[in-house]
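Per-entry structural report
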Amino acid sequence: MGRFFCACGRTEKRIWESKMAVFESNNASIYYEDTGAGAPVIAVHGLIENTAYWSLPGVTARLAGHYRVIAMDMRGHGRTVTTGDNPGYDADTVAGDIEALADYLGLDRFYLLTHSTGGFAGARWAMEHSDRLAGLVLTDTTSATCPFPGTPEERVIFFEKFAASFERQTWEEVIAYAKRKPFPFFRGIAEHPDNGAMWDMALEIIRRGDRNRIAAFVRSFYQDPDMKVEGLRQIRCPVLVLVGEKDDLFIEPGRVMAEAIPTCRHVVLEGVGHMTAIEAPDRLARELLDFLAACPG
């Protein structure tokens, strides 16, 4: 059991016990953390992240004062492990894990909170299953499952180099490289005037992952550059599309999604980059709480 502290008012603090557990989804043991009480929010992180993306900056604690937050580790990430020859490192399988977690916990309806790669899978799932969602939050993400342009051959070469970089570098070296060349994912942290603690937090989050599993995930997951705009138009639940102003890779996809989804709030966080939970946890939490409170439920 872990503990999360949430400031409630000026002086009061609540301590939320976090249940840490696993459940079986096909050939995977999916790790999740269950915190707080109220309407359920399933939270899914991005590439090289895990449940710590939400918990370490305090976003989980801020939400848990009002909602039940259930954060899961995607396949290939954190404490989730797979068996067999096919680890299921694709958007459909990850989306199926989200649904399986909701089924396992007996959740007929829930809010879905996503970041980056988790949003790739979440947006695709919502195109056909939004009737099960009380609300959908897409932060710094796209409805494509490959955010990079180019020919299929060029994408294969790019992602092979990207995957190999995780195999040959330690996590400390990954962060050191990001400090030198922060585009596109770490620009917001690099340009923040007080970023020392942010870099430390980013390292603490990613070092919980296995670099070889991350590399295998990268080689397999990022396949489809089509944003499926017609599918976005079929999403009927309330949606929040939130993106950092300095998130160069996802600022335009965020606009496209916001224009296509029928009931959508579009928020651009000024001065913030891709890692919104690390860079601006208070602002992110306020936007999330405002959106969730406005949803019909």
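About the cut-offs
- Residues numbered from 1 in each chain as written.
- Predicted model: local features only at pLDDT ≥ 70, side-chain atom pairs only at ≥ 80, totals over all residues.
- Heavy atoms only, no water.
- Helix = DSSP H or I, 4+ residues; strand = E, 2+ residues; numbered from the N terminus.
- Buried < 20%, exposed > 50% of the residue type's maximum accessible area, 1.4 Å probe, protein only.
- UniProt positions renumbered as here; feature names shortened; annotations may be inferred.
- 1 Å grid on protein atoms, 1.4 Å probe; cavity = no way out; pocket = protein on both sides within 12 Å on 5 of 7 lines; lining within 4 Å.
- Points joined across faces, edges and corners; volume = space filled by probe spheres on them.
- Nonpolar A, V, L, I, M, F, W, Y, C, P; charged D, E, K, R; others polar.
- Expected span 1.5 Å × (residues − 1).
- Arc of directions from axis to C-beta.
- Polar contact = N/O pair within 3.5 Å; in protein donor to acceptor, adjacent residues only side chain to side chain.
- Salt bridge = Lys/Arg side-chain N within 4 Å of Asp/Glu carboxyl O.

**Thoughts on unusual backbone geometry**
A cis geometry characterises the amide bond from F183 onward to P184, with omega recorded as 0°. Structurally, P184 is set in the loop between α6 (171-180) and α7 (187-190). Located in the positive-phi region is I48, a residue other than glycine, with phi close to 65°. Within the secondary structure, I48 is located in the loop between β4 (40-44) and α1 (52-55). Since its relative accessible area comes to 10%, I48 is described here as buried. In this structure, S116 is a non-glycine residue whose phi angle is positive, near 50°.

**Quick look at the UniProt feature "domain: AB hydrolase-1" (unreviewed entry) in the protein**
Within this structure's numbering, the places UniProt gives as "domain: AB hydrolase-1" (unreviewed entry) are residues 40-281. The distance from the first to the last C-alpha atom of residues 40-281 is 20 Å, and the span holds 45% helix and 15% strand.

**A word on the layout of surface pockets**
As a volume, the largest pocket reaches approximately 700 Å³. Looking at the largest pocket, it is lined by 29 residues, and the ones nearest its centre are F162, Y177, F183, P184 and F185. Looking at which element gives the most residues to the lining of the largest pocket, the answer is helix α5 (residues 152-168), with seven residues. Across the lining of the largest pocket, the residue classes break down as 20 nonpolar, five polar and four charged. In terms of lining residues, the second largest pocket is bounded by P152, R155, V156, F159, E160, V218, R219, Y222 and Q223. Per element, the largest residue contribution to the lining of the second largest pocket is five residues, and it comes from α5.

**Focus on helix α3 (residues 91-104)**
In a regular helix each residue adds 1.5 Å, so 14 residues correspond to 20 Å; α3 covers 20 Å between its end C-alpha atoms and thus fits that length. Taken together, the buried positions of α3 are A91, V94, A95, D97, I98, L101 and A102. Down the axis of α3, the smallest arc covering the buried residues is 150°, so these residues share one side. Near the N-terminus of α3, the side chain that reaches the backbone nitrogen of D92, with its oxygen 3.2 Å away, is that of D90. Just downstream of α3, G106 is the residue with a positive phi angle, here 70°.

**Observations concerning the pattern of salt bridges**
Opposite charge on two side chains allows them to pair when their charged atoms are near. The full count for this structure, using the stated rule, is 19 salt bridges. Between D34 and R68 there is a salt bridge, and its shortest N-O distance comes to 2.6 Å. Of the two residues, D34 sits in strand β3 (residues 28-36) while R68 sits in strand β5 (residues 68-72), which places them 34 residues apart along the sequence. Using a relative accessible area of 22% as the deciding quantity, one classes R68 as partly exposed. Overlapping salt bridges bring together R124, D224, D226 and K228 as one network.

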